[in-house]
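Each chain, written out:
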Amino acid sequence: MSGTRCQALYPFSGERHRQGLRFAAGELITVLQVPDGGWWEGQKEDGLRGWFPASYVQLLEVGPGPGPGPGPGGGREGPAWGHNSGMCAEASPSHWCFPSTETTWERPSSVPGTPKSPGKPANSPSVLTVNGYYISGSPVHQLDSGHMSLRKASGDPQSPGSPAAPRRQSKESSLTINCVTFPHPDVMPEQQLLKPSEWSYCDYFWADKKDSQGNNTVSGFEILLQKQLKGKQMQKEMAEFVRERIKIEEEYAKNLSKLSQNSLAAQEEGTLGEAWAQLKKSLADEAEVHLKFSSKLQSEVEKPLLNFRENFKKDMKKCDHHIADLRKHLASRYTAVEKARKALTERQKDLEMKTQQLEVKLSNKTEEEIKKARRKSTQAGDDLMRCVDLYNQAQSKWFEEMVTTTLELERLEVERVEMIRQHLCQYTQLRHETDMFNQSTVELVDQLLRKVDPAKDRELWVKEHKTGDIRPVDMEI
């Protein structure tokens, strides 16, 4: 598809991608790369290059067939969407398939994205897909109801008085779970990861899952958010652990300092007394070292752990509310689609009933009623396509925000782990330095203990305290 030209259906700011391509609705873009994941690289006519969501554009050159029509909402032709025309929305920008047992409304081929290959029926699914996306760039969708719904298309029933329409025998290409449309695993090729071999958050948290009790459903994004908040709590508990270590160091230093001032054995003399005095002094030095150690623990480990992303929890709540609001908006759009689909089905049934009445009894009144029913069916079809387009836009917006936000959460988690690792390394370094300093103070005591000389001590003491070296002799008569 490299070199294929496309036209922007909607404006894109380019802010959702680091190398996003900004464009307005209607601009022409040359496609350069079509990797899996729903993002394409392209170049505008002014030479600017960048990435953009595939769902925002419509290909102009897909293969043999008529050229593209006007953009969404413009240039639709007259009411040709009547009874039993056998429409399948696979070729439309919205890509919703309607079971023919419920409706036979058909969208005109003048709408963008309805190329027909020669030799194939107009209703046969001939649009290629890339990673769950049709080449028009819009996600594949399926009209479903309830928590999870799968539909199998069947041939269109022929009603009396209507031209023969080709039957469709194709499997559904999508399924809808909790108002989010996914490619059907039985017919869609395996999707390529957005960040292969990285186990990235943006690839593995699109679906919802049951909570640990199995009662409620938890979104993938909420699971990521819980991990982030748990990491913040673990960081806080690490800071509390370091605080307890600081208290122990402070208390230990206080007791060492008090012990160094104890007067026990203060009257020891000689080299042994000198060694004893140095031992007591080393306690005071060690107390000072542990005080410095506790002070550095507080400033270089505990405080950074406590202050790192102080407003993290508040920011995460804002992020959660933003994604949750987009999901609610998507659900409301899906509800509107289901309502519009139901209305279209009712209009089709009404049209079919009036057509059967015309076969039984020919009258001008019945013909007028059929024309009126056909107009209502056409209006219902327009309403349905509008709702589908709005749904696709909402899902595309949610998809972009999910990718952007999960990648940001991934970056924040890496940053948090690296920050904690660095400060724990600082803790071990400070501890090593403290041990080394304590070792140096003890080494001096060891040196003095090795110099203890009882003979020299006796000499010095005798010299200081001697009373005379003249020994007594025997008395003579």
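Residues numbered from 1 in each chain as written. Predicted model: local features only at pLDDT ≥ 70, side-chain atom pairs only at ≥ 80, totals over all residues. Heavy atoms only, no water.

## Some remarks on the packing of aromatic side chains
Aromatic rings considered in pairs are described by the distance between their centres and by the relative angle of their planes.
So, step 1. According to the stated counting rule, one finds eleven aromatic pairs in the structure shown.
So, step 2. Taken together, a centroid distance of 5.5 Å and an interplanar angle of 75° make the contact between phenylalanine 12 and tyrosine 56 edge-to-face. Of this pair, phenylalanine 12 sits in the loop between β1 (5-8) and β2 (28-33) while tyrosine 56 sits in the loop between β4 (49-53) and β5 (57-59), and the two are 44 residues apart along the sequence.
So, step 3. The class for tyrosine 56 is buried, based on a relative accessible area of 12%. (Phe/Tyr/Trp six-rings, centres within 6.5 Å; stacked < 30°, edge-to-face > 60°. Helix = DSSP H or I, 4+ residues; strand = E, 2+ residues; numbered from the N terminus. Buried < 20%, exposed > 50% of the residue type's maximum accessible area, 1.4 Å probe, protein only.)

## Thoughts on the sheet that holds β5
So, step 1. Spatially, β4-β3-β2-β1-β5 is the arrangement adopted by the five strands of the open sheet, whose pairing is antiparallel. Only two strands of the sheet have a single neighbouring strand rather than two, namely β4 and β5. Pairs of neighbouring strands in the sheet enclose a mean axial angle of 45°, with direction left out of account.
So, step 2. When β2 meets strand β3 (residues 39-44), the two strands line up antiparallel, connected through four bridges. Across the sheet, residue threonine 30 finds its bridge partner in β3, namely glutamine 43. (Pairing = 2+ DSSP bridges. Axes fitted to C-alpha atoms, helices over the stretch in contact; angles between N-to-C directions.)

## Thoughts on the environment of valine 301
So, step 1. Assignment of secondary structure puts valine 301 in helix α3 (residues 270-307).
So, step 2. Here the alpha-carbon distance between valine 301 and glutamine 426, two residues 125 residues apart in the chain, equals 7.2 Å.
So, step 3. Discounting chain neighbours no more than four positions away, the residues touching valine 301 are Val242, Lys296, His423, Gln426 and Tyr427. (Contact = heavy atoms within 4.5 Å.)

## Details of the pattern of salt bridges
So, step 1. In the structure shown here, the tally under the stated rule is 21 salt bridges.
So, step 2. Between aspartate 46 and lysine 44 there is a salt bridge, with the nearest N and O atoms lying 3.9 Å from each other.
So, step 3. Aspartate 46 sits in the exposed class, given a relative accessible area of 53%.
So, step 4. Taken together, the shared-partner salt bridges connect Arg309, Glu408, Arg411 and Glu415 into one network. (Salt bridge = Lys/Arg side-chain N within 4 Å of Asp/Glu carboxyl O.)

## Quick notes on the pairing of β4
So, step 1. Taken across its five residues, β4 has four buried, putting it largely inside the fold.
So, step 2. With five bridges connecting them, β3 and β4 associate as antiparallel partners. The residue of β4 that forms the bridge with glutamate 41 is tryptophan 51.

## What to know about the environment of arginine 49
So, step 1. Within the fold, arginine 49 resides in strand β4.
So, step 2. Between the C-alpha atom of arginine 49 and that of glutamine 19, which follows or precedes it by 30 residues, the distance is 8.3 Å.
So, step 3. Beyond its immediate stretch of four places on either side in the chain, arginine 49 contacts Leu21, Leu32, Glu41, Gly42 and Gln43.
So, step 4. Engagement of the side chain of arginine 49 in a polar contact is seen with the side chain of glutamate 41, the distance being 3.2 Å. (Polar contact = N/O pair within 3.5 Å; in protein donor to acceptor, adjacent residues only side chain to side chain.)

## Points about unusual backbone geometry
So, step 1. Notably, serine 197 is not glycine yet its phi reads approximately 65°, a positive angle.
So, step 2. Despite not being glycine, alanine 265 shows a phi value in the positive range, around 60°.
So, step 3. With respect to the helices and strands, the residue alanine 265 is situated in the loop between α2 (220-260) and α3.

## Details of the nonpolar core
So, step 1. Within the largest apolar cluster, 47 residues are counted, with the highest numbers of intra-cluster contacts made by Phe23, Phe52 and Trp398.
So, step 2. Among the elements that make up this core, the one with the highest residue count is helix α5 (residues 364-450) (twelve residues).
So, step 3. Two domains each donate at least three residues to this core, and these are domain 1 (4-59) and domain 2 (221-366 + 374-464).
So, step 4. Among residues more than four places away in sequence, those in contact with phenylalanine 23 are Ala8, Tyr10, Pro11, Phe12, Ile29, Lys44, Phe52, Tyr56 and Val57. (Core = buried A, V, L, I, M, F, W, Y, C linked by side-chain atoms within 4.5 Å. Domains from an automatic or database assignment.)

## Digging into the packing of α2 against α3
So, step 1. Running from N to C, α2 and α3 point in directions that differ by 165°, and their axes come no closer than 8 Å. Viewed along their axes, α2 and α3 adopt a mutual orientation that is roughly antiparallel. Considering only the axes of α2 and α3, their crossing is left-handed.
So, step 2. Along the lines of polarity and charge, the residues of the contact of α2 with α3 split into 17 nonpolar, six polar and eight charged. (Parallel < 35°, antiparallel > 145°, perpendicular 65-115°, else oblique. Left-handed = near helix turned anticlockwise from the far one by under 90°. Nonpolar A, V, L, I, M, F, W, Y, C, P; charged D, E, K, R; others polar.)

## A short note on helix α6 (residues 454-465)
So, step 1. End to end, α6 covers 16 Å across twelve residues, agreeing with the expected 16 Å (1.5 Å per residue, within 8%).
So, step 2. Two or three places before alanine 455, at the start of α6, stands the capping residue aspartate 453, its side-chain oxygen 3.1 Å from that residue's backbone nitrogen. (Expected span 1.5 Å × (residues − 1).)

## Considering the confidence of the model for the protein
So, step 1. The predicted model of the protein averages 76 in pLDDT, with 75% of residues at 70 or higher.
So, step 2. α2 holds the highest mean pLDDT among the elements of the protein, 93, whereas strand β7 (residues 129-130) holds the lowest, 30.
So, step 3. A low-confidence stretch, residues 63-170 stays under pLDDT 50, and its non-local contacts, those more than four residues away or across chains, total 269 contacts. (pLDDT = per-residue confidence, 0-100.)

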